[in-house]
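# Overview (structure and organization)
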Amino acid sequence: MAKVLLNVFVDYETLGKTINILTEEGVTGFYCVEYWGLSPQNWSGFIIKEEPEMAIEAIRDNTEQAIQVNAVVNEDRAEHILQALTERLAGHRHTIMRLPVDDIRLAAP
């Protein structure tokens, strides 16, 4: 059965709601990544001087903390999960990406 990776980018305040939606839709596992991001509207035309300290300072001063919630799901369930996320996150800032998974390799000691 084909798998897809759902990347759901949300603000901190929306993390619990996002995880609850995924759980209610039958997602049994996910992982989260904290990141600093900048929306395309704010990034447009933004130039960083090519000095490491200045680049890091610019990122710290201009980006916002957010969370990326990731889940690998069966392709036949993905559209239903996407619809649930879209409907229930309406009114909250979020971005959802759906990516095909070509290979999964698990290694356990």
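In every chain, residue numbers begin from 1 and rise along the written sequence. Reporting of local features is limited, given that this is a predicted model, to residues whose pLDDT is at least 70; pairs of side-chain atoms are given and counted only at 80 or more, and all residues count toward the totals for whole chains, interfaces and linings. Side-chain metrics in this entry use all non-hydrogen atoms of the structure; hydrogen atoms and water are not considered.

## Notes on the pairing of strand 3 (residues 64-74)
Our working definition: Here a strand pair is declared whenever DSSP counts at least two bridges between the two strands. Strands are runs of DSSP state E lasting at least 2 residues, helices are runs of H or I lasting at least 4, and numbering of each runs from the N terminus.
Note that strand 1 (residues 3-10) and strand 3 share eight bridges and pair antiparallel. The residue bridging Asn 7 from the neighbouring strand is Asn 70, located in strand 3. Here strand 2 (residues 31-37) runs beside strand 3; their pairing, made up of seven bridges, is antiparallel. Paired with Gly 37 across the bridge in strand 3 is Glu 64.

## With respect to the packing of aromatic side chains
To keep it simple, the criterion reads: To pair, rings of Phe, Tyr and Trp, with the six-membered ring standing in for Trp, must have centres within 6.5 Å; the planes then decide the type, stacked if under 30 degrees apart, edge-to-face if over 60, and tilted in the middle. Buried means the residue's accessible area, taken with a 1.4 Å probe over protein chains only, is under 20% of the maximum for its type, while exposed means over 50%, and partly exposed covers the values in between.
By the definition in use, this model includes one aromatic pair. With centroids separated by 5.7 Å and ring planes inclined at 90°, the aromatic side chains of Phe 9 and Tyr 35 adopt a geometry described as edge-to-face. A residue pair is termed long-range when its members are at least 10 positions apart, and Phe 9 in strand 1 and Tyr 35 in strand 2 qualify at 26 residues. Accessibility expressed as a relative area gives 19% for Phe 9, which makes it buried. By relative accessible area, Tyr 35 is classed as partly exposed at 24%.

## Section: the packing of helix 1 (residues 15-24) against helix 4 (residues 75-88)
As a reminder of what qualifies: Helix axes are fitted only over the stretch in contact, all axes being lines through C-alpha atoms; the angle between N-to-C directions runs from 0 to 180 degrees. Here a crossing is called left-handed whenever its near helix is offset anticlockwise from the far helix by less than a right angle, and right-handed whenever the offset is clockwise. The contact definition used throughout considers only heavy atoms, calling two residues in contact when any of these lie within 4.5 Å. Three categories are distinguished: nonpolar for Ala, Val, Leu, Ile, Met, Phe, Trp, Tyr, Cys and Pro, charged for Asp, Glu, Lys and Arg, and polar for the others, with Gly belonging to the last.
One way to put it is that helix 1 packs onto helix 4 with a least axis distance of 10 Å and a crossing angle of 145°. As for the relative orientation of helix 1 and helix 4, their crossing is right-handed in sense. Contacts between helix 1 and helix 4 involve Lys 17, Thr 18, Ile 21, Leu 22 and Glu 24 on the former and, on the latter, Ile 81, Ala 84, Leu 85 and Arg 88. By residue class, the composition of the contact of helix 1 with helix 4 is five nonpolar, one polar and three charged.

## Focus on the pattern of salt bridges
Which entries qualify depends on this criterion: The salt bridge criterion pairs a side-chain nitrogen of Lys or Arg with a carboxyl oxygen of Asp or Glu, the two atoms within 4 Å.
For the structure shown, the criterion picks out six salt bridges. One network of salt bridges, in which partners are shared, links Asp 11, Glu 64 and Arg 93.

## Remarks on the layout of surface pockets
Short version of the rule: Here a cavity means grid points, on a 1 Å grid over the protein atoms only, where a 1.4 Å probe fits yet cannot get out; a pocket means an open set of points with protein on both sides within 12 Å along at least five of seven lines; lining residues are those with an atom within 4 Å of a point. Grid points are joined across faces, edges and corners, and a volume is the space filled by probe spheres set on the points.
Estimates place the volume of the largest pocket at around 260 Å³. If you go around the largest pocket, you meet 14 residues; those closest to its centre are Tyr 35, Leu 38, Ser 39, Arg 93 and Thr 95. Of all the elements in the fold, those that place two or more residues in the lining of the largest pocket are strand 1, strand 2, strand 3 and strand 4 (94-101). Ranked by residues supplied to the lining of the largest pocket, first place goes to strand 3 with three residues. Across the lining of the largest pocket, the residue classes break down as six nonpolar, five polar and three charged.

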